[in-house]
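Residues per chain, in single letters:
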Amino acid sequence: MLKWLWLSIIVAVLDQGTKTLASMQLEYAVPLPVMPSFNLTLLHNTGAAFSFLSDAGGWQRWMFIGLAILVTVVIVMWLRKLDARNWVAALALTLVLGGAVGNLIDRLRLGYVVDFVQLYYESWYFAAFNIADSAISVGATLLIIDALFFGSVHKED
């Protein structure tokens, strides 16, 4: 199932490209309204999802780098062992892998992750995110769906 790795590469390249554009075109922390409830807003996240540990003093960068490398190795090993018929899990894993690599590149290069998509409703703002975060979220959701609805199909053989 390593043939699915092309999708991880596309996700990581799209992620890095959009982050570069956002960094070049947007002013830091100044929302650019796109449509109601959707802004482009350049932010730097030194933490994880929802800025978890963002104010931890710097050590979290190395922890998240190590975690991303571990996740990358585990996913590649998982893909190697995956049954060829299990395309849902392969799709899910390669989306998570591409997102993890995209954010890993930021942490290695910059020391933080570039976020720029901001969704909100009235005065409630969802945490800013990027293409990598979206791929990870979609991939994780697909893994759950695969486990709940298709897992027994793959275990019959």
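Please refer to the structure higher up on the page.
The structure displayed is predicted, hence computed values, not measured ones. (Residues numbered from 1 in each chain as written. Predicted model: local features only at pLDDT ≥ 70, side-chain atom pairs only at ≥ 80, totals over all residues. Heavy atoms only, no water.)

A. Quick peek at the pairing of strand β1 (residues 32-35). Summarising the sheet, β1 and strand β2 (residues 38-45) pair through three bridges and their orientation is antiparallel. Bridge assignment links Pro 33 to a residue of β2, and that residue is Asn 39. With antiparallel pairing between neighbouring strands as the criterion, β1 and β2 make up a hairpin whose turn holds two residues, including Ser 37 at a positive phi of roughly 75 degrees. (Pairing = 2+ DSSP bridges. Helix = DSSP H or I, 4+ residues; strand = E, 2+ residues; numbered from the N terminus.)

B. Highlighting the side chain of Asp 106. In this fold, Asp 106 is placed in helix α3 (residues 87-110). Within the structure, the side chain of Asp 106 is placed 3.0 Å from the side chain of Gln 16, a separation counted as a polar contact. Among all residues touching Asp 106, those that are not within four sequence positions of it are Gln 16, Lys 19, Gly 111, Tyr 112, Val 113 and Val 114. (Polar contact = N/O pair within 3.5 Å; in protein donor to acceptor, adjacent residues only side chain to side chain. Contact = heavy atoms within 4.5 Å.)

C. The nonpolar core, seen in detail. By size, the foremost hydrophobic cluster in this structure holds ten residues: Met 1, Trp 4, Ile 75, Leu 79, Leu 82, Ala 89, Ala 90, Leu 93, Val 96 and Leu 97. For this core, the secondary-structure elements that each account for two or more residues are α2 (59-81) and α3. Residue contributions to this core peak at five residues, all from α3. In contact with Leu 82, not counting residues within four places along its chain, are Met 1, Ala 89, Ala 90 and Leu 93. With seven residues, the next largest nonpolar core counts Leu 26, Leu 42, Val 114 and Phe 116 among its residues. (Core = buried A, V, L, I, M, F, W, Y, C linked by side-chain atoms within 4.5 Å. Buried < 20%, exposed > 50% of the residue type's maximum accessible area, 1.4 Å probe, protein only.)

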